[in-house]
Amino acid sequence: MKMKTFIMCLLFCVTAGMYAQKGKHEQIKALKVSFFTTELNLSADEAAKFWPVYNTYDDKVFRLRHDVMRPIIKKMDATGIDKISAKEAEMYLNKLEDADRDLFNLKQKLVEDLKPIIGPVKILKLKKAEEDFKRRLLEQYRDKRKE
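Procedures and definitions
Position numbers for residues count from 1 along each chain, tracking the sequence in the order it is written. In view of the model being predicted, local features appear only for residues whose pLDDT reaches at least 70, and side-chain atom pairs are presented and counted only at 80 or more, with totals across whole chains, interfaces and linings using the full set of residues. Hydrogens and water are ignored here; the side-chain numbers use all heavy atoms of the structure. What counts as a helix is a DSSP run of H or I of at least four residues, what counts as a strand is a run of E of at least two, and both are numbered from the N terminus. In this analysis, two residues are considered to be in contact whenever any of their non-hydrogen atoms come within 4.5 Å of each other. Residue burial considers only the protein chains on display, and all accessible areas are found by Shrake-Rupley using a 1.4 Å probe. Between rings of Phe, Tyr and Trp, where Trp is taken as its six-membered ring, a pair exists when centres lie within 6.5 Å; planes separated by under 30 degrees are stacked, by over 60 edge-to-face, and by other angles tilted. Relative accessibility decides the category of a residue: with a 1.4 Å probe and only protein chains considered, values under 20% of the type maximum give buried, values over 50% give exposed, and everything between is partly exposed. Definition of nonpolar core: a set of buried residues of the types Ala, Val, Leu, Ile, Met, Phe, Trp, Tyr and Cys, connected through side-chain atoms within 4.5 Å. Each helix should span, by expectation, one fewer than its residue count multiplied by 1.5 Å. Salt bridges, as used here, are contacts in which a Lys or Arg side-chain nitrogen is within 4 Å of a carboxyl oxygen on Asp or Glu.

(A) Just the overall build of the protein chain, in detail. Scanning the protein chain from N- to C-terminus turns up 4 helices and 0 strands. For the protein chain, the α and β elements follow one another from N to C terminus as α-α-α-α. Residue pairs at least 24 apart in sequence account for 68% of intrachain contacts in the protein chain once pairs closer than 6 positions are excluded. In the form shown here, the protein chain has an accessible surface area of approximately 10400 Å², with 59% of it arising from carbon and sulfur atoms.

Structure follows, in structure tokens:
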């Protein structure tokens, strides 16, 4: 257990050193790779098959959130939700629901694609690792804001 914690800290430190050289998305991706590699304990064969599938999924999710959902939310913020018409609200709501549906479909496809590669137990570990990673990222962000 102590060795696992040490390795995780070491991986975080190494990838954190790359912060200055990459954009935020790439920084987070590097941290995620380190964290997931430790948490999932993938064999070399599993990792070789897992990362291309997961990276494709992650890129599609990023594009969907960044290119579809983010502009909608920015438009609503710029206009002010209380000032938009019912027709506009309906349009924004439909677009966001479509994006949510696309996210759900991407998650389902990821599970289908990963089952033969890493099996259901490691897929559950992946889901837990994703949540743990998000939580740690938020904690680091909050800690930085306090400083």
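There is more to say after this.
(B) Molecular detail of the packing of aromatic side chains. If you walk through the whole model with that rule in mind, you get 9 aromatic pairs. Ring geometry for Phe 50 against Tyr 54: centres 5.5 Å apart, planes inclined by 15°, an arrangement best described as stacked. Of this pair, Phe 50 and Tyr 54 both sit in helix H3 (residues 44-79), separated by 4 residues, roughly a single helical turn. Look at Phe 50 and you get buried, because its relative accessible area is 0%. Residue Tyr 54 is classed as buried on the basis of its relative accessible area, which comes to 2%.

(C) Region of interest: unusual backbone geometry. Positive phi, normally seen in glycine, also occurs at Asn 41, with a value near 50°. By the element assignment, Asn 41 lies in the loop between helix H2 (24-40) and H3.

(D) Here's a closer look at the nonpolar core. Residues Phe 36, Phe 50, Tyr 54, Leu 114 and Leu 126 are the most contacted members of the largest nonpolar core, which totals 29 residues. Among the secondary structure elements, those contributing two or more residues to this core are H2, H3 and helix H4 (86-146). With 13 residues, H4 is the single largest residue contributor to this core. When near neighbours in sequence (up to four residues on either side) are disregarded, Tyr 54 contacts Lys 32, Phe 36, Leu 110, Leu 126 and Glu 130.

(E) Summary view of H2. With 17 residues, H2 should cover 24 Å at 1.5 Å per step; its first-to-last C-alpha distance of 24 Å lies within 8% of that length. All of the buried residues in H2 are Gln 27, Ala 30, Leu 31, Lys 32, Ser 34, Phe 35, Phe 36, Thr 38 and Leu 40. Of the residues trailing H2, Asn 41 is marked for its positive phi of about 50°.

(F) Local environment of the pattern of salt bridges. Scanning all chains against the criterion turns up 9 salt bridges. Salt-bridge contacts for Asp 45 lead to Lys 49; the nearest nitrogen and oxygen are separated by 3.5 Å. Note that Asp 45 and Lys 49 are positioned in helix H3 at a spacing of 4 residues, about one turn of the helix. Taking relative accessible area as the criterion, Lys 49 reaches 43% and is therefore assigned partly exposed. The partner of Lys 122 in a salt bridge is Glu 46, with the nearest N and O atoms 2.7 Å apart. Here Glu 46 lies in helix H3 and Lys 122 lies in helix H4, a separation of 76 residues in the sequence. One salt-bridge network, held together by shared partners, links Lys 128, Asp 132 and Arg 135.

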